[in-house]
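Understanding the architecture of this molecule
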Amino acid sequence: MDNPMPLEERQLTGAGSGVPVIAPGHTFGSVTDKISAIVLTRRTPIGWYLGFMTAAALTGLLLVSLSYLVVEGIGIWGNNIPVAWAFDITNFVWWIGIGHAGTLISAILLLLRQTWRTSINRFAEAMTLCAVACAGIFPLFHTGRPWLAYWLLPYPNTMGIWPQFRSPLVWDVFAVSTYATVSLLFWFVGLVPDLATLRDRSQSRTGRIIYGALALGWRGSAMHWHRYETAYLLLAGIATPLVVSVHTVVSFDFAVAIVPGWHTTIFPPYFVAGAIYSGFAMVLTLSIPIRAIYGLQDFITLRHLENMAKVMLVTGLIVAYGYTVEAFIAWYGGNAYEGFMIWNRITGPYAPAYWALLLCNVIIPQILWFKSVRTNVIVLFVLSLVVNVGMWLERFIIIVTSLHRDFLPSSWGMYQPTFWDWSTYLGTIGLFLMLLFLFVRFLPLISIFEMRTLLPEAKGEQ
Amino acid sequence: MALRQTADELIPELRRYQRQLLLAGAAGAVVSFVGYVLNPAQFFQSYLMAYMFVLGLSLGSLALGMVHQLSGGAWGVVIRRPIGAAARVLPALTVMFLPIAFGMHHLYEWTHADVVANDPILQGKQLYLNTPFFLVRAAIYFAAWNGISFLLNRWSLEQDRTGDRRLSRRMQLLSGGGLLAYGLLTTFAAFDWMMSLAPHWFSTIYGVLIIGGQALSAMAFLIVVLVWLSRRKPLSDIVVASHFHDLANLMLAFVMLWAYFSFSQYLIIWSGNLPEEITWYMHRLQPGWRLVALLLVVFHFAVPFVLLLSRAVKREPDTIMKVAAAILVARLIDLFWLIAPEFHQDGVYVSWMDVALPLTLVSLWLGCFMWQLRGRAILPVYDPQFEEALGPIIDQGGETPRTAH
């Protein structure tokens, strides 16, 4: 065997699982052509315009909803004591969770030398950014006075008032803003060499100027690459703890309170697993249509889909473990309120949502044990939607059912979402999709230069 | 090629060590029996701690082995045989559980009918916390753990003999379900044997905390074993710095996980400050025990964490072995801190049996481990990953391959 791969590269690449991470027959040139053409030369498909316009219409709905909210106050939502957190925080946690898959794929899988990540990382990172943008909207507008949101930050002020540093809600401000910043940097740094490719290949003057400015003078010299590799690895190291820390802090938002259904020690790892679960579901939801529309089956192969399905199976089982232990301890603990909380979830007014959650998150995903399911694109797509719904229901159940039955029956209440609850939620889905449509149209959705390193040609040069 | 020979033929001194360890264990058992006669309550407390420690070595190894079946990677190929040998101590551990079954009355308050009669909360838990069901559950746990270990080891041996690649598929399938079973059963075993020492207290992360501890114990032990083996032929020609680097990175990950789980549990209970939960920490954080807790913060997390960030430490067999051995000691102290304060609520107390029983059980466990290690080839030569993970090194006659970064 001539020129064996270095030992460390061989590990964990999952070699031997059959389907390659890039279809045979590609060269440096064909990879660059195929990916950059989506942005530069190919006619934009009609589907893109239709999709973009739908998403933009929903974004318009979001703007209307938020404007009305600012004028009228958050009374337009169904939130009211005892259910002071409802759709807004459910959606916040849901969106933040979705972002986690992007960070996991780009940072952790990079450090673990999982080369299959290469064709999905750019795309997943963009998804993270869009999801964090959507997530940020909810707590910001839930304050009711978003123009005073800077009060959340600790700064010396004439009133001598500081945030309550013991409150995880304050940690959340730091966690989420750090997360957004690092994700943006990581994504942009990774884009620089490809932006230079677009600059060099662009036929239009505007394109050359815009891509040229964004490429920061990248010429591809050995020195540039050396600095780039160092910076990218460092950013990956910084981003890795964020995969765990952000959703851990989100789980503390609930767990440090003494509300039955919130105050339980399993929350941090179980929230993190749930975040990755929903994030991978969303990556599948998006990548399956995109690879079909743009003909990228050579780059996003069945191997990628199957690996993502496996991650979903594992994280889904961890989530199921969380439900099991939580229910068992609610009984075992002997606390009447905890016991009632679980019983209320199972049989109370929101029971249909609870059972739907178990169906979507625990029962249906067990079909992922079968390889035939993991490699069936249609089934995977439907399943990813099911898990997206399931993970949304999970947050809804945790937040609403825990709050609506307080310690005192006299303070019990019900929550009903209003039109504006729904419109804001749908609006953020529109915003998320609109941003992604723009990304797909104007930036290379697969990392061109990293894909080239996967080719046999690149191996020969080492 | 020497790789097909059994460890017994390659490393003859294993037999001598095995005998010495088993003899030491037998001597320790005699001494421990004196302890049992003098102070049975203390005997069972120390025994439970020592037992959970050695059980963690076997179960953690079993779990890591199953993870490797599913994930692949060179890190697991070089430690596969020690993993198997550690898992094959499980039948002996099953027998070693009997003293706990006999000592239940000394350990578990909920077995006292008079206490339960005056305690409505414990009455509510009687459906789960009662002696017959406790024993039935233990039987289920051991049946499942032993069954999984038995099948995986048998198929692996068969593969060694026949080279049948299809067995790998079968082992992977069992490992998928096996990990699920291991996770659930170990959680409930942790609830039964350790959490119910404080029968009013509960924590949903407790099982995860014990599982993470087992993985860390097993990884640290396997690193020590691999360093020891790598000083002898034939592994001295095969195990290279990057193997230690990978294993040490995994150990670092487990150190961080343990700290993450422990801190999460502490923060959530401290913030809530509910009487039913915080009492558990109040016993463990009163003067005296607080010092043990601080020792854990420093030596179970901070020091190994900082050391394991260093590339030089991870790649040098001598230093990584020392770090791993220190982590094993810290693991034992962690179990001590989880168990002993429940019985000594007025301040820190270390009995001579807290030293004698771990020494005894570790000697016996290690003796069984050596015995199991001897019977098989030192590397899984027919493992599908074998060629890929170790082929180049063997081809180059032990030259360290160029590393990726």
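About the cut-offs
Residues numbered from 1 in each chain as written. Chains lettered and ligands numbered in written order. Predicted model: local features only at pLDDT ≥ 70, side-chain atom pairs only at ≥ 80, totals over all residues. Heavy atoms only, no water. Helix = DSSP H or I, 4+ residues; strand = E, 2+ residues; numbered from the N terminus. Rg over C-alpha atoms; globule rule 2.2 N^0.38 Å. Contact = heavy atoms within 4.5 Å. Areas by Shrake-Rupley, 256 points an atom, 1.4 Å probe, with all protein chains shown as cover. Lys, Arg positive; Asp, Glu negative; His and termini not counted. Charge placed at Lys NZ, Arg CZ, Asp CG, Glu CD. Axes fitted to C-alpha atoms, helices over the stretch in contact; angles between N-to-C directions. Parallel < 35°, antiparallel > 145°, perpendicular 65-115°, else oblique. Left-handed = near helix turned anticlockwise from the far one by under 90°. Buried < 20%, exposed > 50% of the residue type's maximum accessible area, 1.4 Å probe, protein only. Polar contact = N/O pair within 3.5 Å; in protein donor to acceptor, adjacent residues only side chain to side chain. Expected span 1.5 Å × (residues − 1). Bend = angle between axes of the 7 residues up to and from the residue. pLDDT = per-residue confidence, 0-100. Core = buried A, V, L, I, M, F, W, Y, C linked by side-chain atoms within 4.5 Å. Buried area = accessible area lost by both parts, 1.4 Å probe. Salt bridge = Lys/Arg side-chain N within 4 Å of Asp/Glu carboxyl O. Nonpolar A, V, L, I, M, F, W, Y, C, P; charged D, E, K, R; others polar.

1. Observations concerning the overall build of chain A
Along the backbone of chain A there are 17 helices and zero strands. Relative to the compact-globule value of 23 Å for 462 residues, chain A shows a C-alpha radius of gyration of 23 Å, a close match. The dimensions of chain A, computed from C-alpha atoms along their principal axes, are 75 × 50 × 45 Å. Sequence separation of at least 24 residues holds for 81% of the intrachain contacts in chain A that already meet a minimum separation of 6. Accessible surface for chain A amounts to roughly 18900 Å². Of this, 71% is attributable to carbon and sulfur atoms. Within chain A, the 22 negative side-chain charges are centred at a point lying 7 Å from the centre of the 26 positive side-chain charges.

2. Observations regarding the packing of helix H9 (residues 267-293) of chain A against helix H10 (residues 302-332) of chain A
Residue and element names in this part refer to chain A. Viewed as axis vectors pointing N to C, H9 and H10 meet at an angle of 150 degrees, and their least axial separation amounts to 8 Å. Looking at the two axes, H9 sits roughly antiparallel to H10. Once H9 is placed against H10, the crossing between them reads as left-handed.

3. Some thoughts on the side chain of arginine 374 of chain A
Residues and elements named next belong to chain A. By secondary structure assignment, the location of arginine 374 is in helix H13 (residues 371-374). According to the relative accessible area criterion, arginine 374 is buried, its value standing at 10%. Engagement of the side chain of arginine 374 in a polar contact is seen with the side chain of glutamate 306, the distance being 3.1 Å. Those residues within four positions of arginine 374 in sequence are excluded, and the remaining contacts are Leu305, Glu306, Ala309, Lys310, Leu368, Trp369 and Leu380.

4. Structural notes on helix H6 (residues 168-201) of chain A
An ideal rise of 1.5 Å per residue puts 50 Å on 34 residues; H6 of chain A measures up with 48 Å between its terminal C-alpha atoms. Along H6 of chain A, the largest kink reaches about 45 degrees and is centred on valine 192 of chain A; proline proline 193 of chain A follows within four residues of it.

5. Description of unusual backbone geometry
With an omega of 10 degrees, the peptide bond running from isoleucine 81 of chain A to proline 82 of chain A counts as cis. With phi around 55 degrees, leucine 216 of chain A is a residue other than glycine that occupies positive phi space. With respect to the helices and strands, the residue leucine 216 of chain A is situated in the loop between helix H7 (205-214) and helix H8 (222-255). One non-glycine residue with positive phi stands out, namely asparagine 273 of chain B, at about 55 degrees.

6. Brief notes about the confidence of the model for chain B
Residues and elements named next belong to chain B. Residue-level pLDDT values for chain B average 92, and 95% of them are 70 or greater. Confidence over residues 398-405 falls short of pLDDT 50; this stretch has 20 contacts with residues more than four positions distant or in other chains. Across the assembled chains, the prediction reports ipTM 0.93 with pTM 0.92.

7. Quick notes on the nonpolar core
Within the largest apolar cluster, 282 residues are counted, with the highest numbers of intra-cluster contacts made by Tyr51, Trp145, Trp193 and Met251 of chain B. Residues within four places of methionine 251 of chain B in sequence aside, it is in contact with Leu216, Met219, Ala220, Ile223, Leu308, Ile320, Val323, Ala324 and Ile327 of chain B.

8. Re the packing of helix H5 (residues 118-142) of chain A against H9 of chain A
Residues and elements named next belong to chain A. Where H5 contacts H9, the two axes come as close as 11 Å, and the packing angle between them is 120 degrees. The angle between the axes of H5 and H9 places the two elements in the oblique class. Classified by chirality, the crossing of H9 by H5 is right-handed. Packed against H5, whose contacting residues are Phe123, Ala124 and Met127, the element H9 presents Gly279, Met282, Val283, Leu286, Ser287 and Ile290 at the interface.

9. Thoughts on the environment of isoleucine 278 of chain B
Residue and element names in this part refer to chain B. Secondary-structure assignment places isoleucine 278 in helix H14 (residues 275-284). Residue isoleucine 278 is classed as buried on the basis of its relative accessible area of 12%. In this structure the C-alpha to C-alpha distance between isoleucine 278 and tyrosine 17, which are 261 residues apart in sequence, comes to 46 Å. Discounting chain neighbours no more than four positions away, the residues touching isoleucine 278 are Ile269, Trp270 and Asn273.

10. Description of the interface of chain B and chain A
The interface is formed by 57 residues belonging to chain B together with 36 residues belonging to chain A. Between chain B and chain A lies a buried interface of about 3900 Å² when both sides are counted; carbon and sulfur atoms form 69% of it. At the boundary of chain B and chain A, one finds zero salt bridges. Our enumeration of links across chain B and chain A arrives at eleven residue pairs in polar contact (both at pLDDT 80 or more). Taken together, the elements giving at least two residues each to the side of chain B that touches chain A come down to helix H4 (74-87), helix H9 (120-125), helix H11 (166-193), helix H12 (206-230), helix H13 (241-272), H14 and helix H19 (386-395) of chain B. The biggest single contributor to the side of chain B that touches chain A is H13 of chain B, with 14 residues. Considering only residue class, the side of chain B that touches chain A consists of 29 nonpolar, 21 polar and seven charged.

11. As for the confidence of the model for chain A
Residue and element names in this part refer to chain A. Per-residue confidence for chain A gives a mean pLDDT of 89, with 95% of residues at or over 70. Of all the helices and strands in chain A, helix H1 (residues 7-10) carries the lowest mean pLDDT, 37, while helix H12 (residues 351-363) carries the highest, 97. Scored below 50 in pLDDT, residues 1-17 makes 41 contacts in the model with residues more than four places away or belonging to other chains.

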